[in-house]
Amino acid sequence: VNTNPTTFSAPGSSDIQLPTREVLLDIFRRVITIRFCGDKLQWAIRNGRILAPLYPVRGHEIISSAMAVSLNRTDYMCTIYRGLADHIAKGVPLKELLAEYAGRMAGACKGKGGPMHITHPASGVVVTTGVVGSGIPIANGLAWASLVKKDGRVTVTTFGDGATNIGAFHEGLNLASLWTLPVVFLCTNNGYAEHTRFEACTAVDRIADRAAAYRMHGVRVDGTDVVAMWRVAKEAISRARSGGGPTLIEAMTVRVEGHVMGDACEYIPKEDIELIKRRDPVPLLRDWMLANGHASEAEIQSMEADATQQINEAMEFALNAPYPTADELARDVLAKEVTI
Ligand SMILES: Cc1ncc(C[n+]2csc(CCOP(=O)(O)OP(=O)(O)O)c2C)c(N)n1
Ligand SMILES: [Mg+2]
């Protein structure tokens with residue numbers, strides 16, 4: 001049973017302060033936007049309005065939001081098929097995001113990429129990949145370019161626990177450490193790789209320990225603890241930006257839903273499913289914000305209403321946008337345009 005208990009130490013540099021109320025509200029706004037957008041997409045897919053695979057990000061919202069809040073818009077992000085949280089947290093506009101999910105011309109990739117291949121350079125999202133582990137070498141390339149160009153950008157690449165068993169992870173971390181690249185390797189450990197439990201496919205207990213093999217900073221953090229996650233992310237970003245090289249972050253959370261929408265999760269014991277649902281970090285964050293006086297019930301409701309409205313508008317826009325026409329088929333495929 002791996003239910004990823006949430007009680008992990010959250011080491012962070014002592015010179016990094018606690019997040020201000022503004023930062024917490026900013027993170028919370030991103031978190032609920034991701035949650036509501038995921039729900040809306042499930043509605044659209046269930047009702048046949050969008051034909052696309054959906055890899056739910058329930059449980060990943062705080063990790064992406066607490067990371068992105070400390071990034072600049074020009075910082076690079078390489079994410080994966082389970083990327084909705086990163087896309088929204090990093091600032092891909094909702095209309096372009098949902099239009100891409102719907103395969104429409106108004107989408108971030110003119111409807112030709114779909115949810116597994118969202119690219120939106122203006123918000124720094126360079127790559128979304130469906131090939132496990134493949135974002136890591138690409139992130140190194142981006143970070144290397146930043147070193148050469150001295151543009152001060154940081155690259156973040158996110159991937160899952162299963163991806164750390166892929167060769168590209170090990171080659172990528174080695175090179176990033178050797179070249180002191182300004183990159184943050186953000187591993188979301190949600191306890192499962194597709195239908196396989198973490199313990200059944202990973203030889204170490206802690207992914208963060210793998211950093212030591214490459215003389216890199218490695219830290220495990222509770223990715224459902226907004227303050228801990230923010231501190232660890234901020235520290236890794238400032239290390240990268242100031243020339244201190246890469247960090248491997250292992251952010252612990254639960255995958256509240258199945259691998260992909262429609263997954264009946266028959267491979268997870270029923271009692272574990274119940275336990276995981278109770279640890280859904282979003283309602284817990286809402287309670288925590290209220291209990292600690294970071295926001296009133298009225299403020300939270302107003303933020304929730306705003307997020308809902310924005311998502312509804314974006315979905316309406318996406319569903320009414322035209323599909324790409326046949327002459328788009330060969331455009332944007334090669335650097336030099338060809339006609340077929
Ligand atoms: C190279 C490669 N091998 C296998 C797959 C099939 N696959 C898709 S997702 C996945 C599980 C990855 O798990 P993890 O890295 O923990 O990420 P999570 O889905 O939990 O976010 C696998 C094996 C793939 N897409 N690419
Ligand atoms: Mg996983």
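Because the structure is a prediction, the values reported are computed rather than measured.

### So, the coordination of the magnesium ion (ligand 2)
For the magnesium ion (ligand 2), the protein coordination sphere consists of Asp161 (OD), Asn190 (OD1) and Tyr192 (O), at 2.0 to 2.2 Å. Between consecutive donor residues of the magnesium ion (ligand 2), the sequence gaps follow D-x28-N-x1-Y. You can see Asp161 sitting in the loop between strand 3 (155–160) and helix 6 (167–178) and its partner Tyr192 sitting in strand 5 (residues 192–193), a full 31 residues away along the chain. Assigned by exposure class, Asp161 and Tyr192 land together as buried.

### With respect to the side chain of Asn140
Looking at where Asn140 falls in the secondary structure, it is placed in helix 5 (residues 135–149). Accessibility expressed as a relative area gives 5% for Asn140, which makes it buried. For Asn140, the contacting residues outside a window of four places in its chain are Gly172, Leu175, Ala176, Leu181, Val183 and Phe185.

### Overview of the pairing of strand 2 (residues 125–129)
Most of strand 2 sits inside the fold, with four of its five residues counted as buried. As judged from the four bridges shared by strand 1 (residues 76–80) and strand 2, these two strands associate in the parallel manner. The partner of Met77 across the bridge, within strand 2, is Val125.

### Points about the pattern of salt bridges
All told, the structure shown has 19 salt bridges when counted by the stated rule. Between Arg30 and Asp26 there is a salt bridge, with its nearest N and O atoms 3.0 Å apart. Here Arg30 and its partner Asp26 are both found in helix 1 (residues 21–46), four residues apart, which amounts to about one turn of the helix. We classify Asp26 as partly exposed; its relative accessible area is 23%. For Glu328, the salt bridge goes to Lys112, with nearest N and O atoms at 2.9 Å. Residue Glu328 is found in the segment after helix 11 (297–320), and its partner Lys112 is found in the loop between helix 4 (94–101) and strand 2; the two are separated by 216 residues along the sequence. Residue classification places Glu328 among the buried residues on the basis of a relative accessible area of 5%. The structure contains a network of salt bridges with shared partners spanning Arg35, Asp39, Arg58, Glu61, Glu257 and Asp280.

Rules used throughout
Residues numbered from 1 in each chain as written. Chains lettered and ligands numbered in written order. Predicted model: local features only at pLDDT ≥ 70, side-chain atom pairs only at ≥ 80, totals over all residues. Heavy atoms only, no water. Donors = N, O, S within 2.8 Å, 3.2 Å for Na, K, Ca; no water. Helix = DSSP H or I, 4+ residues; strand = E, 2+ residues; numbered from the N terminus. Buried < 20%, exposed > 50% of the residue type's maximum accessible area, 1.4 Å probe, protein only. Contact = heavy atoms within 4.5 Å. Pairing = 2+ DSSP bridges. Salt bridge = Lys/Arg side-chain N within 4 Å of Asp/Glu carboxyl O.

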